[in-house]
Amino acid sequence: MTDMTKGNPFRLLLRFVIPMLLSVALQQMYNLADSLIAGQMLGMNALAATGAAYPITALYVAIATGASIGCSVVISQLFGAKDMVRVRSAVTTSILSIIVLAFVMVIGGEIFAQPLMNLIGTPENIMDDAMVYLRIYIVGSFFVFLYNAATATFNGLGDSKRPLYFLAFSTCFNVALDVLFVGVFHMGVAGLSWATLIAQGLSAVLAVLCLIRKVSAIETTETPKVFDKSLCVRMSIVAVPSMCQQSFVSIGILMVQGVVNSFGADTIAAFSAALKISTFALNIMNSLPTALSSYAAQNIGAEDLPRVRQGLRACIIMSEVVIISIIGLVVVFSRSLLGLFLTGADGAAAIEIGRTYLLTVAPLYPLVGIKNCCDSILRGGGAMGPFMATTFADLGLRVGFAYATAHSLGFMSICLSYPIGWVLGTTLSVAFYFSSCWKPEHIRRLELGAISAEEAAASSRIDLGMLHPIHQVELNRHDQEEKVDLYRVPRATHNAGRYLHA
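Being a predicted model, the structure only gives us computed values, none of them experimental.

With that settled, consider the overall build of the protein. Each helix and strand in the protein was counted, giving 17 helices and 0 strands. For the protein, with 502 residues in total, the buried portion stands at 58%. Considering only residue pairs separated by 6 or more positions, the protein has 81% of its internal contacts joining residues 24 or more positions apart. Total accessible area on the protein stands at roughly 19800 Å², and carbon and sulfur atoms take up 66% of it.

And the structure:
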């Protein structure tokens, strides 16, 4: 377990994020394996079928991710506050809650899969394969929820290495099963789904067992509750908005897919390949803000806000360096990357369609990096309303633009809709960060002059040396023997004036 409330923020985040970068890369390879093998071994229609099902499978991953974010943030805050009894209770509560959620999602998915595929206008020539792939995936999504819960808990405890080990095993096993089921047993798209289910299931079970063993080793002064209702509610306050945010992103993809489906199977295959490449790049970028979210939650839990700002600056710098490298790779190797998915007589035309999308969206990736970093601070501080608002604004503009211009711009409406949404979302994320809505309430009230420094001190533990000089003067009128520590930053720093005027 890593305590992120101490040490140099840049070096701390860098050490924490490297295993996460590798984990995300492996996870994306895991997701790409089905599409690569479908395109190479089964042909364009099989790739189109898995691509048509992708928005719904992405919705399941999004809900699992959103639920696990709620668990991770609360566990990080408790760990930052050194409340180990509730840390242990939060871990078991999160696992039990997500198991229940997973069962609900599996049952709901089996009922509504066919209507959803009809709703987005899936072409008849790929419908059967898409439904076979989707139904098996939905059954296996139980393990997606379980694995994400375990991974998020490890990250919340500052351990980003163990998820990497499980994911490396799962990815290699999944690819081997893909080749075996499709290439040897000729199971078609069903083989791709079964391979994913088996590999993900084994990895999820091993991850949960390891997590239980790790958490059981934490020494506590009292026996923690197996299920804590108050912690479940606290997690839900973060998890439900995160699930909505993640889900609406996937619903946006689903709605945009409805426009893409109207352009025919070749365009569906091209967009599927291009979207997989772009999603790979975006998820690599998002691994740094994901690390920042755990870092921010721990330091907000410890009420060390200057460290939060330092972490944000460090994360933006690292993110933009990674993003510039990714843009270069996407621009230079776009044809080769798309060629991994798109083969055959129609492959050349589909590659050009996919390349149009990639060359349009890639130059705007730096905006996504800034947005994700600011969103991580909002999420780490529990400011879920503003966090959701940035996503809904992005989504609404993206979908609205795609539908409004599909007739006049054709496929270009899809290409432009993503960057246009990112511009609005990033603007709002930055504005919300500077509004300080992510800071604890008593600190915001102190900054606004709504309460005195003494009243703020009564709400938490204030380090007098970290207050702005005006507030220090006010507290000097009172007995300074009762020192309290809100910011947990050494008094001999020059951050005092910067705190209230950041």
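What follows picks up the thread again.
Look at helix 9 (residues 305–339): 47 Å from first C-alpha to last across 35 residues, which is about the 51 Å you get at 1.5 Å a residue. Where helix 9 bends most, the angle comes to about 75 degrees, and this point is phenylalanine 333.

A few words now on the pattern of salt bridges. Once the charged atoms of two side chains with opposite charge are near each other, the side chains can pair. Scanning all chains against the criterion turns up 4 salt bridges. Ionic pairing is found between arginine 135 and glutamate 110, a salt bridge with its closest N-O pair at 3.3 Å. Of the two residues, arginine 135 is situated in helix 4 (residues 124–156) and glutamate 110 in helix 3 (residues 84–119); the sequence distance between them amounts to 25 residues. Two residues, arginine 335 and glutamate 352, come together in a salt bridge whose shortest N-O distance is 3.1 Å. Within this pair, whereas arginine 335 is found in helix 9, its partner glutamate 352 is found in helix 10 (residues 347–361), the two being separated by 17 residues in sequence.

Note on placement: aspartate 178 falls in helix 5 (residues 161–184). In this structure aspartate 178 comes out as buried when scored by relative accessible area, which is 0%. For aspartate 178 and valine 189, which are 11 residues apart along the polypeptide, the C-alpha to C-alpha distance reads 9.5 Å. If we skip the residues at most four places from it in the chain, aspartate 178 touches Ala33, Asp34, Ile37, Gly183, Gly191, Leu192 and Ala195.

Core analysis: the largest hydrophobic core is formed by 108 residues, its most contacted members being Leu342, Tyr357, Tyr365 and Tyr418. The leading source of residues in this core is helix 2 (residues 44–80), at 20 residues. The residues contacting tyrosine 418, other than those within four sequence positions of it, are Ile253, Val256, Phe271, Leu275, Tyr357, Val361 and Arg398. Listed in part, the 32 residues of the second largest apolar core include Cys373, Ile377, Ala383 and Phe387.

On to the packing of helix 9 against helix 11 (residues 365–380). Two elements in contact, helix 9 and helix 11, have axes whose closest approach is 9 Å; the angle formed by their N-to-C orientations is 155 degrees. Relative to helix 11, helix 9 is oriented roughly antiparallel. In this structure, helix 9 meets helix 11 at a crossing whose hand is right-handed. Packed against helix 9, whose contacting residues are Val308, Leu312, Cys315, Ile316, Ser319, Glu320, Ile323, Ile326 and Ile327, the element helix 11 presents Tyr365, Pro366, Gly369, Ile370, Cys373, Cys374 and Ile377 at the interface. Here the residues of the contact of helix 9 with helix 11 sort into 13 nonpolar, 2 polar and 1 charged.

This brings us to a nonpolar patch on the surface. Nonpolar side chains collect at one region of the surface, where Phe10, Leu14, Ile18, Leu22, Ile317 and Val321 lie side by side and expose about 530 Å² of accessible area between them. Secondary-structure elements contributing two or more residues to the nonpolar patch are helix 1 (9–42) and helix 9. Tallying contributions element by element places helix 1 first for the nonpolar patch, with 4 residues. By secondary structure assignment, the location of isoleucine 317 is in helix 9.

Here the focus is the packing of aromatic side chains. Throughout the structure, instances matching the rule amount to 11 aromatic pairs. With a centroid separation of 6.3 Å and 70 degrees between ring planes, the pair formed by tyrosine 418 and tryptophan 422 is classed as edge-to-face. Of the two residues, tyrosine 418 and tryptophan 422 are both situated in helix 13 (residues 412–434); the distance of 4 residues between them amounts to about one turn of the helix. Both residues of the pair, tyrosine 418 and tryptophan 422, belong to the buried class. For the ring pair tyrosine 433 and tryptophan 438, a centre distance of 5.6 Å and an interplane angle of 5 degrees mean the geometry is stacked. The pair tyrosine 433 / tryptophan 438 is uniform in exposure class, with both members buried. Members of the aromatic cluster, each reached through a chain of ring pairs, are Phe271, Tyr357, Tyr365, Phe411, Tyr418 and Trp422.

Here we come to helix 11. The end-to-end C-alpha distance of helix 11 is 23 Å, a good match for the 22 Å that 16 residues give at a rise of 1.5 Å each. Counted residue by residue, helix 11 has 13 buried out of 16 residues, so it is predominantly covered. Of the residues flanking the end of helix 11, it is glycine 382, one or two places downstream, whose phi is positive at about 75 degrees.

Attention now moves to the packing of helix 7 (residues 229–261) against helix 8 (residues 265–301). Packing of helix 7 against helix 8 brings their axes to within 9 Å, and their N-to-C directions diverge by 145 degrees. Relative to helix 8, helix 7 is oriented so that their crossing is right-handed. Seen from helix 7, the contacting residues are Ile253, Val256, Gln257, Val260 and Asn261; seen from helix 8, they are Thr267, Ile268, Phe271 and Leu275.

Okay, the state of the cysteines next. One pass over the structure, following the stated rule, counts 0 disulfides. Just so you know, cysteine 71 is unpaired, no disulfide at all, and the nearest cysteine sulfur is the one on cysteine 232, 8.5 Å from it. Unpaired in terms of disulfides, cysteine 374 finds its nearest cysteine sulfur in cysteine 373, a separation of 6.9 Å.

Conventions used here
- Sequence positions are assigned chain by chain, starting from 1 and proceeding in written order.
- Whole-chain, interface and lining totals are the exception, using all residues; otherwise, since this is a predicted model, local features are given only for residues with pLDDT of at least 70 and side-chain atom pairs are given and counted only at 80 or more.
- As a convention, hydrogens and water are excluded, and side-chain values are obtained from all of the structure's heavy atoms.
- Strands are runs of DSSP state E lasting at least 2 residues, helices are runs of H or I lasting at least 4, and numbering of each runs from the N terminus.
- Buried means the residue's accessible area, taken with a 1.4 Å probe over protein chains only, is under 20% of the maximum for its type, while exposed means over 50%, and partly exposed covers the values in between.
- Contacts are assigned to residue pairs with any non-hydrogen atoms lying within 4.5 Å of each other.
- The Shrake-Rupley method, run with a 1.4 Å probe, gives the accessible areas here. Residue values count only the displayed protein chains as cover.
- A helix's residues, less one, multiplied by 1.5 Å, set its expected span.
- A residue's bend is given by the angle between axes fitted to the 7 residues ending at it and the 7 residues starting at it.
- We define a salt bridge as a side-chain nitrogen of Lys or Arg found within 4 Å of a carboxyl oxygen belonging to Asp or Glu.
- In these notes, a set of buried Ala, Val, Leu, Ile, Met, Phe, Trp, Tyr and Cys residues joined through side-chain atoms within 4.5 Å is what counts as a nonpolar core.
- Simply put, an axis is a line fit to the C-alpha atoms, just over the touching stretch for a helix, and the angle between two N-to-C directions goes from 0 to 180 degrees.
- Any angle that falls under 35 degrees is termed roughly parallel, while one over 145 is termed roughly antiparallel, one within 65 to 115 roughly perpendicular, and all others oblique.
- By the definition used in this description, the sense in which the near helix is turned from the far one sets the handedness, with an anticlockwise turn below a right angle giving left-handed and a clockwise turn giving right-handed.
- Classification convention: Asp, Glu, Lys, Arg as charged; Ala, Val, Leu, Ile, Met, Phe, Trp, Tyr, Cys, Pro as nonpolar; all other residues, Gly among them, as polar.
- What goes into a patch is any residue over 30% in relative accessible area without a salt bridge, connected to like charges within 9 Å or, for nonpolar side chains (Val, Leu, Ile, Met, Phe, Trp, Tyr), within 5 Å.
- Pairing of aromatic rings covers Phe, Tyr and Trp, the last counted by its six-membered ring, and requires centre-to-centre distances within 6.5 Å; plane angles under 30 degrees mean stacked, over 60 mean edge-to-face, and any other angle means tilted.
- We call a pair of cysteine sulfur atoms a disulfide whenever their separation is within 2.5 Å.

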